[in-house]
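Observations on chain architecture
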Amino acid sequence: MAATPVSTEVVTLKLNDRDVSATRGQTILEVAREQGMEIPTLCFLEGLTPWGACRLCMIELKGSPKLLPACTTKAAEGMEIVLDSDRLKKYRKMILELLFAERNHVCAVCVSNGRCELQDLAQKNGVTHVRFPYRYAKYEVDSTHDLFRLDHNRCIMCTRCVRVCHEIEGAHVWDLKGRGIETEVVADNNLPWGQSESCTRCGKCIHACPVGALVEKTTAVNEMKKRSGFLPYLTTMRENRP
Amino acid sequence: MTPEELRQSAEAERQKSHACKHILGVCCAAGCQSMGSDKIKDALDKQVKLKGLESEVNVKSVGCLGLCAAGPLVSLESDGKKAMYQAVKEADVAEVVEKLGKAPVKRLELSLDIPFFARQQKIILENSGVIDPERIEEYFAAGGYEALIKALTDLEPAEVIDAVSRSGLRGRGGAGFPTGLKWATVAKAAGSRKYVVCNADEGDPGAFMNRSVLESDPHRVIEGMIIAGYAVGASQGYVYVRAEYPLAIKRLKTAIKQAEGKGLLGDKILGTTFSFRLEIRLGAGAFVCGEETALLVSIEGSRGMPRPRPPFPAEAGLWGMPTLINNVETFSTVPPILRNGWEWYSAIGTEKSKGTKVFALAGQIKNTGLIEVPMGTKLRDIIFDIGGGVPDGKKFKAVQTGGPSGGCIPESKLDMSVDYESLREAGSIMGSGGMIVMNEDSSMVDVAKFFTEFCMSESCGKCVPCRTGTAQMYGLLEKIHAGEAVKADLELLKELCDLVRTTSLCGLGQTAPNPVMSTLHYFEKEYTSLLKDGPGKPAAAR
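Nothing here was measured: the structure is a model prediction, and the numbers come from that model.

Residue and element names in this part refer to chain A. On the basis of which strands lie adjacent, the open sheet formed by five strands has the order S2-S1-S5-S3-S4 and mixed pairing. With one partner strand each, in any of the chains shown, strand S2 (18-23) and strand S4 (67-69) form the two edges of the open sheet. Sheet twist, expressed as the average angle between the axes of neighbouring strands with direction ignored, equals 40°. In terms of strand pairing, strand S1 (residues 10-15) meets S2 through six bridges, oriented antiparallel. Bridge pairing in S2 links Val11 to Ala22. Along the sheet face, helix H2 (residues 86-102) touches strand S3 (58-61), S4 and strand S5 (80-82) and points at about 160° away from the line of S3.

Residue and element names in this part refer to chain B. Going through the model one piece at a time under the given rule, you end up with 51 salt bridges over all chains. The residue Arg380 makes a salt bridge to Glu411 at a minimum N-O spacing of 3.4 Å. Highlighted residues: Arg380 in helix H16 (residues 379-386) and Glu411 in the loop between strand S12 (407-410) and helix H17 (420-425), separated in sequence by 31 residues. Salt bridges sharing partners connect three or more residues here, namely Glu13, Lys16, Lys60, Arg135, Glu137, Glu138 and Lys262.

Here the focus is the domain arrangement of chain B. Residues and elements named next belong to chain B. Under the domain assignment used here, chain B contains domain 1 (17-118), domain 2 (143-346), domain 3 (356-439) and domain 4 (444-528). With centres defined by C-alpha atoms, the gap from domain 1 to domain 2 works out at 33 Å. Taken residue by residue, the interface counts seven residues in domain 1 and seven residues in domain 2. Contact between domain 1 and domain 2 buries roughly 450 Å² in total, counting both sides, with carbon and sulfur atoms accounting for 55%. The largest per-residue losses of area from domain 1 upon contact with domain 2 belong to Cys28, Ala30 and Cys64, which jointly make up 55% of the total buried on that side. In this assembly, domain 1 and domain 2 are joined by zero salt bridges. At the boundary of domain 1 and domain 2, one finds three residue pairs in polar contact (both at pLDDT 80 or more). Of the residues assigned to the side of domain 1 that touches domain 2, the class counts are five nonpolar, two polar and no charged.

All names here are of chain B. The interhelical angle for the contact between helix H10 (residues 209-216) and helix H12 (residues 246-261), taken along N-to-C directions, is 40°, at an axis separation of 8 Å. If you check the angle between H10 and H12, you find them oblique. Our pair here, H10 against H12, has a crossing hand that is left-handed. Each of Arg211, Leu214 and Glu215 in H10 lies in contact with H12, whose residues at this interface are Leu247, Ala248, Arg251 and Leu252. Counted by class, the contact of H10 with H12 contains four nonpolar, no polar and three charged residues.

Each partner contributes to the interface: chain B provides 31 residues, whereas chain A provides 31 residues. Regarding the contact of chain B and chain A, the summed buried area is about 2600 Å², with carbon and sulfur atoms giving 60% of it. Between the two partners, chain B and chain A, sit four salt bridges. Notably, a salt bridge pairs B:Asp498 with A:Lys90, separated by 3.9 Å at the nearest N-O pair. Our enumeration of links across chain B and chain A arrives at 15 residue pairs in polar contact (both at pLDDT 80 or more). Listed by contribution, the elements that provide at least two residues to the side of chain B that touches chain A are helix H18 (444-458), helix H19 (464-481) and helix H20 (487-503) of chain B. In terms of residue class, the side of chain B that touches chain A is made up of 14 nonpolar, 11 polar and six charged.

This part covers the layout of surface pockets. Residues and elements named next belong to chain B. Of the volumes computed, that of the second largest pocket is approximately 1000 Å³. Along the wall of the second largest pocket there are 36 residues; nearest its centre are Lys60, Glu77, Lys82, Gly129 and Val130. Looking at the lining of the second largest pocket, the elements with two or more residues in it are helix H1 (3-19), strand S1 (22-27), strand S2 (57-62), strand S3 (74-78), strand S4 (81-85) and helix H6 (136-141). No other element matches H1, which puts five residues into the lining of the second largest pocket.

This part takes up the nonpolar core. Counting 106 residues, the largest nonpolar core has B:Tyr145 and B:Trp183 as the members making the most contacts within it. Take this core: its biggest share by element is nine residues, from helix H11 (residues 218-232) of chain B. What B:Tyr145 contacts, discounting residues up to four positions off in sequence, is B:Leu6, B:Ile136, B:Tyr139, B:Phe140, B:His219, B:Ile222, B:Glu223, B:Ile226, B:Ala259 and B:Leu264. Grouped together as the second largest cluster of nonpolar side chains are 99 residues, A:Ala53, A:Phe148, A:Val173 and A:Cys199 included.

Residues and elements named next belong to chain A. Assigned domains of chain A: these are domain 1 (11-84) and domain 2 (89-229). Spacing between the C-alpha centres of domain 1 and domain 2 amounts to 25 Å. A combined buried area of about 1600 Å² lies between domain 1 and domain 2, and 62% of that area is made up of carbon and sulfur atoms. Connecting domain 1 to domain 2 are one salt bridge. Note that Glu38 is salt-bridged to Lys124, the shortest N-O span being 3.5 Å. In this structure, the connection of domain 1 to domain 2 is made through nine residue pairs in polar contact (both at pLDDT 80 or more).

Now for the pairing of S2(B). All names here are of chain B. With respect to burial, S2 is a largely interior element, five of its six residues being buried. Relative to S2, S1 runs parallel, the two sharing six bridges. The partner of His22 across the bridge, within S2, is Val57.

Looking now at H2(A). The end-to-end C-alpha separation of H2(A) is 24 Å, in line with the 24 Å expected for 17 residues at 1.5 Å each. In terms of burial, H2(A) is a largely internal element, 12 of the 17 residues being buried. When H2(A) is considered as a whole, its buried residues turn out to be A:Leu88, A:Tyr91, A:Arg92, A:Met94, A:Ile95, A:Leu96, A:Glu97, A:Leu98, A:Leu99, A:Phe100, A:Ala101 and A:Glu102. The inward-facing, buried residues of H2(A) contact S3, S4, S5 and helix H3 (117-124) of chain A together with H19 and H20 of chain B.

All names here are of chain A. Applying the stated criterion across every chain yields a total of five cavities of 30 Å³ or more. Of the voids in this model, the largest cavity is the one considered here, and its volume is about 100 Å³. Along the walls of the largest cavity sit 13 residues, with His105, Val106, Cys107, Cys110 and Cys116 positioned nearest its centre.

For B:Ser128, the position within the fold is in the loop between helix H5 (115-118) and H6. Residues contacting B:Ser128, with those up to four places away along its chain left out, are B:Gly63, B:Cys64 and B:Ser216.

The next point concerns the state of the cysteines. Applying the stated rule across the entire model yields zero disulfides over all chains. No disulfide involves A:Cys202; its sulfur sits 6.2 Å from that of A:Cys205, the nearest cysteine. B:Cys506 takes part in no disulfide bond, and the closest cysteine sulfur to it belongs to B:Cys466, at a distance of 6.3 Å.

With that out of the way, let us pick up the environment of B:Thr330. Residue and element names in this part refer to chain B. Here Thr330 lies in helix H14 (residues 328-340). Exposure remark for Thr330: the relative accessible area of 1% places this residue in the buried category. Note: C-alpha distance between Thr330 and Lys357 (27 residues apart in sequence) is 9.8 Å. Excluding anything up to four places from it in sequence, Thr330 contacts Leu169, Gly171, Arg172, Gly173 and Thr179.

Here is what the cut-offs are and how they apply
- Residues numbered from 1 in each chain as written.
- Chains lettered and ligands numbered in written order.
- Predicted model: local features only at pLDDT ≥ 70, side-chain atom pairs only at ≥ 80, totals over all residues.
- Heavy atoms only, no water.
- Pairing = 2+ DSSP bridges.
- Helix = DSSP H or I, 4+ residues; strand = E, 2+ residues; numbered from the N terminus.
- Axes fitted to C-alpha atoms, helices over the stretch in contact; angles between N-to-C directions.
- Contact = heavy atoms within 4.5 Å.
- Salt bridge = Lys/Arg side-chain N within 4 Å of Asp/Glu carboxyl O.
- Domains from an automatic or database assignment.
- Buried area = accessible area lost by both parts, 1.4 Å probe.
- Polar contact = N/O pair within 3.5 Å; in protein donor to acceptor, adjacent residues only side chain to side chain.
- Nonpolar A, V, L, I, M, F, W, Y, C, P; charged D, E, K, R; others polar.
- Parallel < 35°, antiparallel > 145°, perpendicular 65-115°, else oblique.
- Left-handed = near helix turned anticlockwise from the far one by under 90°.
- 1 Å grid on protein atoms, 1.4 Å probe; cavity = no way out; pocket = protein on both sides within 12 Å on 5 of 7 lines; lining within 4 Å.
- Points joined across faces, edges and corners; volume = space filled by probe spheres on them.
- Core = buried A, V, L, I, M, F, W, Y, C linked by side-chain atoms within 4.5 Å.
- Buried < 20%, exposed > 50% of the residue type's maximum accessible area, 1.4 Å probe, protein only.
- Expected span 1.5 Å × (residues − 1).
- Disulfide = S-S within 2.5 Å.

Shown next, in the form of structure tokens:
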């Protein structure tokens, strides 16, 4: 293969006292995962533009009074970063609790039970109970699509579906309506999904969704297997297109 | 238009104004207009005509005269002597015209010697209430666009930035970032195009500073923006105004048309090689669009949601290009800085906070209205001297500065100086300059609940802490307010405040807990007295 001259600038930094090197432009999250160091994420999905919204990947940077999201913070020379202080662990736990209390997450009857990123993170981060009162707000289940189903009760507003549809599929079926706690994912201009003219029925959103909000029909509890590994492949393919 | 033509036009306007013996200025900003000031203007016009005094009396619309509480206001300039009439009704018009040239009508007169007027120092508001905001000639006559002439004909862009830097001006949108540094960053940033954006999406409850400037003196903002465009190398500007300000939008549109007509906007401004265009973009009522990254996304036509910074707009803003974004007041301060020199400006205010700041006084305060004072003025002087204190013999309790992002400051802190650092130390912020005064009857839990509800419903819904954290905070406050909470709830509220402040994505979320945290800091008893297991008996919420 012909060697293409790539100007890569290498920086060195510390992650949890471990000296690591990174190429300029890499995010803290990328560097940490390269090193096999774990940082929890929900809205992040490799292959999509980082969104910086779930705030689970917040890290401490020495000398900065503010916490920074690992998914959008670029590695720089001399950074000293803490990935998992007690303070960070406490915040991560609270954020997960807030997500559980926000909508109606009932794992026992969920098709994603046992295959859910939210559930996994809760287990890994020691969320044994939720201290915040559940909101028990009413949400709709959109089963109008002939292949797929959207259950708003289980949506965590990570917008992975919005981004995968816009950035990878190019259809931009999904977007958001409403503000604050009332924000919801909508298809087209707030149409039932089955009536969406822009949906190509590709199913990428189903596999990008970390929870049981977007699923294939005819799946029962625990049956919805999600694969999102195709995304980095697709992105790389496009970026390297001659 | 060349600089000479502009100056001739200004001179002609000044001559015309001197030719009139009496000038009656009717406030036509939103406050007085809502009290019927346009009818008074019409009535004055008719009366002057009836008496055949058109040649000696000039009745004109002017911008905000400041003391909104006493509106409708009419200013009077007679043979060089100034007076002000308050609460003018149509029935008073005949008498007002009758007494021109004689002693003013006592019953309507509002003394200009009261601290409200005497203690102010007007830079941003220098033309408010003086010129007709819909006539560019009056802005010329008041020295308008002189700073632009100076910038375009005498100064290099770097010299303009240098003057702004040395003046010590800091962003008037609230955070107080050094304006010169921001300009220099945009100037240095690489990009095939650059933009200048004016943030006029003033959304804090009880704040009307930007509105008033746009309604009273729109050309000042335009001039500041053109100068900024020249300094940073941008040829396109946007003013992002909230649609809830129809009068401000109308006047700004008029002003832009006038400036275009005079060759002050468009190609080859003032006969130089510099070109700059200005467009208005309307906000659709989202508070979060006042946050700079959300505002830029909104201009691009997408849903207004903040994005992480860095990259800062100075590096990658509108359509990924370097973008200078400043507040209305910040741009409005630039022309006088260039006209009078940075030395003049930096001599005003405190060591770290230079110049003056406009505040909107609202709530339980006698002199509701708009004021401008030097930075470093004592909070007590603003509220009790200029503001006239709390009406109806009630006691002062607290003042909320900085809107929903700010905090409540109690009586014990009133002797502090108003500047960016002191306010932050006291647990509040400068914000855009709203001040809401509360008397002894106000429940601080209520206040915190009000602002939290505001932040909750104005959250964009993007990041988890702000979207669901503020909703949980509101739920806990409701529980406390209803007397149903226990100590553990209060502790959870404190933890939540910490989470929302520390982990939210943008300024809205990061500052949303401020009202709760500051009232908890200064008035914790009001919370604990409402707890079921709190000290003493639960007191009913007022």
